[in-house]
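Residue-level listing of the chains:
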Amino acid sequence: MSAPQAPEINLAGPCGFYCGTCRHYLARSKGLLKEKHLKDGCKGCRAQDKKCAWVKRDCVLLRKHQIAFCFECPNFPCENLKKFDERHIREDQLSPIENLLRIKEVGARQWLAEQAEAWKCPQCGGNLCVIDRECYDCGYPCP
């Protein structure tokens, strides 16, 4: 059994998604599952390990822990990741592929610091949810 990962690193999804903006992560971490009408929450993509609902379930290299991020794959970006990216660009105005390129450039810890700052509520300093487009601390609507 592997050692538990630091919570910060756990928020850097292998696919380039920042878990700190996910409704399932935020609702669980803030005790809002019932209020947000969610049955289960999430501890972050890396903590979910093989139960990752999007990219990891279809990627042998990620499932077997042969790579930590999709950009390490010789087939980067694969078709599955491209579809995932297109969906997030369309629905959330963010690109996991661009995030992966940034992680490759500056490292996961620096990228996580950038994401935490970028997704901080301008009203209360809390956490903005990219999916619900609101702060999970004060309800402030984000653009």
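Details of the structure are given in the entry above.
How each quantity is defined
- Residues numbered from 1 in each chain as written.
- Predicted model: local features only at pLDDT ≥ 70, side-chain atom pairs only at ≥ 80, totals over all residues.
- Heavy atoms only, no water.
- Helix = DSSP H or I, 4+ residues; strand = E, 2+ residues; numbered from the N terminus.
- Buried < 20%, exposed > 50% of the residue type's maximum accessible area, 1.4 Å probe, protein only.
- Contact = heavy atoms within 4.5 Å.
- Areas by Shrake-Rupley, 256 points an atom, 1.4 Å probe, with all protein chains shown as cover.
- Phe/Tyr/Trp six-rings, centres within 6.5 Å; stacked < 30°, edge-to-face > 60°.
- Axes fitted to C-alpha atoms, helices over the stretch in contact; angles between N-to-C directions.
- Parallel < 35°, antiparallel > 145°, perpendicular 65-115°, else oblique.
- Nonpolar A, V, L, I, M, F, W, Y, C, P; charged D, E, K, R; others polar.
- Lys, Arg positive; Asp, Glu negative; His and termini not counted.
- Salt bridge = Lys/Arg side-chain N within 4 Å of Asp/Glu carboxyl O.

Participant: Please clarify how the overall build of the protein chain should be interpreted in this entry.
Facilitator: Each helix and strand in the protein chain was counted, giving 7 helices and 2 strands. Listing each helix as α and each strand as β along the protein chain from the N terminus yields α-α-α-α-α-α-α-β-β. Taken over 143 residues, the protein chain has a buried fraction of 41%. Excluding contacts between residues fewer than 6 apart, the proportion of contacts in the protein chain whose partners are at least 24 apart in sequence is 48%. Entry remark: accessible area of the protein chain is about 8400 Å², with carbon and sulfur atoms responsible for 51%.

Participant: How should I be thinking about the packing of aromatic side chains in this particular structure?
Facilitator: Aromatic ring pairs are described here by two measures, namely the spacing of the ring centres and the angle between the planes. Summed over the entire model, instances satisfying the criterion amount to 2 aromatic pairs. A ring pair is formed by Tyr18 and Trp111, whose centres lie 6.0 Å apart and whose planes are at 90°; its orientation type is edge-to-face. Here Trp111 lies in helix α7 (residues 108-118) and Tyr18 lies in the loop between α1 (7-10) and α2 (23-29), a separation of 93 residues in the sequence. Both residues of the pair, Tyr18 and Trp111, count as buried.

Participant: What is the right way to look at the packing of helix α6 (residues 96-106) against α7 in this model?
Facilitator: For any two helices packed against each other, the geometry is given by the interaxial angle and the distance between the axes. Two numbers describe how α6 lies on α7: the axes approach to 7 Å, and their chain directions differ by 125°. Overall, the two elements α6 and α7 adopt an arrangement that is oblique. On the side of α6, the interface is formed by Asn99, Arg102, Ile103 and Val106, while α7 contributes Ala108, Gln110, Trp111, Glu114 and Gln115. A class-by-class count of the residues in the contact of α6 with α7 yields 4 nonpolar, 3 polar and 2 charged.

Participant: What am I meant to see in the side chain of Asp92 here?
Facilitator: You can see Asp92 is positioned in helix α5 (residues 79-92). Although buried, Asp92 forms no salt bridge, and the nearest oppositely charged side chain, Arg87, lies 5.1 Å from it.

Participant: I would appreciate a short explanation of unusual backbone geometry in the present structure.
Facilitator: Negative phi characterises most residues that are not glycine, and trans characterises most peptide bonds. Note that the residue after Phe76, namely Pro77, is joined by a cis bond; omega there is -10°. Relative to the helices and strands, Pro77 resides in the loop between α4 (60-63) and α5. Backbone geometry places Gln93, a non-glycine residue, at a positive phi of 55°. Within the fold, Gln93 resides in the loop between α5 and α6. Given the relative accessible area of 54%, Gln93 is considered exposed. You will see that Arg133, though not glycine, has its phi angle at about 55°, which is positive. Counting through the fold element by element, Arg133 comes out in the loop between β1 (128-129) and β2 (134-135).

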